[in-house]
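Residue strings, one per chain:
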Amino acid sequence: MAAPNNNDAASASASTSEGAPAAPEDTSIEALARRVQEHMTLANNPSARRHKFWETQPVGQFRDAADVSLPDGAIEPPTPLSEVRADPYPLPAAFEWFTCDLDDDALLADLYALLAHNYVEDDENMFRFNYSPAFLRWALRPPSFFRAWHIGVRATESKKLVAFISGVPARIRARDDVVRMAEINFLCVHKKLRSKRLAPVLIREVTRRVHQENIWQAAYTAGVVLPTPITTCRYWHRSLNPKKLIDVGFSRLGPRMTMSRTVRLYKLPDAPLTPGFRQMELRDVAPVTRLLRAYLARYVVAPDFDELDVEHWLLPQEDVVDSYLVESPETHEITDFCSFYTLPSSVLNNPNYSTLKAAYSYYNVAVKTPLQQLMNDALIVAKQKNYDVFNALDVMENEAFLKELKFGPGDGQLHYYLYNYRIRNGIKPSELGLVLL
Ligand SMILES: CC(C)(COP(=O)(O)OP(=O)(O)OC[C@H]1O[C@@H](n2cnc3c(N)ncnc32)[C@H](O)[C@@H]1OP(=O)(O)O)[C@@H](O)C(=O)NCCC(=O)NCCS
């Protein structure tokens, strides 16, 4: 199965040095043998690769992985705000910084188009994430967001948007430490401008703007291995519309399986089975916040949500985020909660289909209802709403239902990172309570 969550574009640029002229090619047998050896080492062990940019940043470095004397927590102390660089980092000639106002529909359409054509693809370039404009507005404007963190790069002359990076503020707890962080997302450079070391400039610029708000840590995910993941997760996929998934090449017909047996295998009931299962409403924000806070306290790294966060991140919005809960028919108590967000992928080069409608498991809390039953109801409503596939990471307790509910492992990995925060030895996916969009 393929997942549009993996991207290996960085490997092509990993050997280009920042600004340094290339060394003349050495074609001797020994040099060739050395290069083959190096190539094999890198293929088997991505952490052996040099990272010209990331090696200069306050992140866990691969060489420190075995050093048990290093403490958990901030890698570098904050610098006085007066010492934070006041001017934007220089861009190559013909490009300029551009702070994006997402209230502006035309600008939002430009951002949507940049990402729809240039954002993350799977390894075989069959699918590309297609975040909707409404989703982007939701993802980029949580409570107390900073407009200055929606950073575009455009061509000075044509004003065409050619690159983007964003941050949103969040409180994230690591063990007992609740830390103000930026969640960095939607790093994208136009396909025609790749491998020119523009990404490090974008990352430095968003870091500078985050520092200006007196925030010194960040959380982010990537399909590529960088120094150093706090954990590495896998996506699992549950077919809801198996025929279409097979037709577009997302999944394959299993050995000794026919299409009609496959369709039967993934068939779901027409309506949720748990009594009291209903959509979350505004009046549920307080009890849902209580449920979530108590639940997320179990995890080593998790968001520290308050009611404003829950209202923003979990109140249903059509084709953006869906949340359901179980209200006890007897006591009217809210006992369980589940949610998913909507992230379609464009199907590239298929004559019959242009889009896959995918639901992504978000935050789920099962207290009275068994988790497997709760998630089965989530699958049922996703099927009712015409999603083709339901995806989930192996974070939190998800492993407890993935196999039983007929999810299959994908081939994409998602690495989680913290900037300027060390968690010695990392954590297991099941110790992670954070889902980034
Ligand atoms: C990710 C992307 C912006 C990188 O740009 P690029 O032109 O390929 O790479 P550049 O030459 O500008 O920069 C290379 C540096 O960026 C780093 N980099 C590449 N992808 C990265 C990522 N997703 N997150 C953080 N750093 C990344 C590389 O590791 C390298 O630094 P290093 O030498 O220290 O290892 C670009 O490939 C892209 O837009 N891809 C599609 C969208 C995507 O995958 N976005 C990231 C989602 S997590």
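One structure accompanies this document, and this report is about it. Keep in mind that this is a model prediction, so the values were computed, not measured. (Residues numbered from 1 in each chain as written. Predicted model: local features only at pLDDT ≥ 70, side-chain atom pairs only at ≥ 80, totals over all residues.)

A closer look at the overall build of the chain
Along the backbone of the chain there are eleven helices and 17 strands. Per-residue burial over the chain gives 37% buried out of 437 residues. In the chain, the share of contacts with a sequence separation of at least 24, taken over all contacts with a separation of at least 6, comes to 76%. (Helix = DSSP H or I, 4+ residues; strand = E, 2+ residues; numbered from the N terminus. Buried ≥ 20, exposed ≤ 12 C-beta atoms within 10 Å, placed from the backbone. Contact = placed C-beta atoms within 7 Å.)

Side note on unusual backbone geometry
In this chain, proline 227 is followed by threonine 228 through a cis amide linkage whose omega measures -25°. When you line up the elements, threonine 228 lands in the loop between strand 6 (217-222) and strand 7 (231-239). Positive phi values are uncommon outside glycine, yet serine 144 reaches one of about 60°. With respect to the element layout, serine 144 can be found in the loop between helix 4 (133-140) and strand 3 (150-155). Residue serine 144 is classed as exposed on the basis of its 11 C-beta neighbours within 10 Å. The residue arginine 175 is not glycine, and still its phi comes out positive at about 50°. Of note, arginine 175 is situated in the loop between strand 4 (161-174) and strand 5 (177-189).

Quick notes on the packing of helix 8 (residues 285-296) against helix 9 (residues 307-314)
Where helix 8 contacts helix 9, the axes come no closer than 9 Å and their chain directions differ by 100°. The angle between helix 8 and helix 9 places the two elements in the roughly perpendicular class. Listed contacts from helix 9 to Val285, Ala286, Val288, Thr289 and Leu292 of helix 8 are Glu307, Val310, Glu311 and Leu314. A per-class count over the contact of helix 8 with helix 9 returns six nonpolar, one polar and two charged. (Axes fitted to C-alpha atoms, helices over the stretch in contact; angles between N-to-C directions. Parallel < 35°, antiparallel > 145°, perpendicular 65-115°, else oblique. Nonpolar A, V, L, I, M, F, W, Y, C, P; charged D, E, K, R; others polar.)

Details of helix 10 (residues 371-384)
In this model helix 10 runs 20 Å from its N-terminal to its C-terminal C-alpha over 14 residues, within 8% of the 20 Å that 1.5 Å per residue would give. Three or more residues of helix 10 are buried, namely Leu371, Leu374, Met375, Asn376, Asp377, Ala378, Leu379, Ala382 and Lys383. Residue asparagine 386 follows helix 10 closely and has a positive phi angle near 75°. (Expected span 1.5 Å × (residues − 1).)

A closer look at helix 3 (residues 105-118)
If you check helix 3, its first and last C-alpha atoms are 20 Å apart, about what 14 residues at 1.5 Å a residue would give, namely 20 Å. Those residues of helix 3 that sit buried are Leu111, Leu114 and Leu115. One side of helix 3 holds all its buried residues, which, seen down the axis, span an arc of 90°. In helix 3, those exposed residues whose orientation departs by more than 90 degrees from the buried face are Asp105, Ala106 and Ala109. (Arc of directions from axis to C-beta.)

Focus: the sheet that holds strand 13 (residues 355-356)
Sheet architecture is open: three strands sit in the order 2-12-13, paired in antiparallel fashion. Whereas interior strands pair on both sides, the edge strands pair on one side only; in this sheet they are strand 2 (127-129) and strand 13. In terms of strand pairing, strand 12 (residues 345-347) meets strand 13 through two bridges, oriented antiparallel. Its bridge partner lying in strand 13, serine 345 is registered against leucine 356. (Pairing = 2+ DSSP bridges.)

A word on the packing of helix 3 against helix 4
Two elements in contact, helix 3 and helix 4, have axes whose closest approach is 9 Å; the angle formed by their N-to-C orientations is 100°. What the angle tells us is that helix 3 and helix 4 run roughly perpendicular. Contacts between helix 3 and helix 4 pair Leu108, Ala109, Leu111 and Tyr112 from the former with Pro133, Leu136 and Arg137 from the latter. Looking at the contact of helix 3 with helix 4 residue by residue, the class counts come to six nonpolar, no polar and one charged.

Structural notes on the nonpolar core
Phe164 and Val288 are the most contacted members of the largest nonpolar core, which totals 108 residues. Looking at this core element by element, the count peaks at nine residues for strand 4. In contact with phenylalanine 164, not counting residues within four places along its chain, are Leu111, Leu114, Ile151, Gly152, Phe186 and Cys188. (Core = buried A, V, L, I, M, F, W, Y, C linked by C-beta atoms within 7 Å.)

Some words on the environment of serine 82
Residue placement: serine 82 occurs in the loop between helix 2 (29-44) and strand 1 (95-99). Under the C-beta neighbour-count criterion, serine 82 is labelled exposed, with 6 such atoms within 10 Å. It is 9.0 Å that separates the C-alpha atoms of serine 82 and glutamine 212, two residues lying 130 residues apart in sequence.

Some remarks on the pairing of strand 3
For strand 3, a buried count of five out of six residues is recorded, marking the element as mostly surrounded by other parts of the structure. Bridge analysis of strand 1 against strand 3 gives five bridges, and the strand direction is antiparallel. The residue of strand 3 that forms the bridge with phenylalanine 95 is alanine 155. Sheet topology note: the strand 3/strand 4 ladder contains five bridges and is antiparallel. Paired with histidine 150 across the two strands is serine 166, which belongs to strand 4.

On their own, these measurements won't tell you what the molecule is for.
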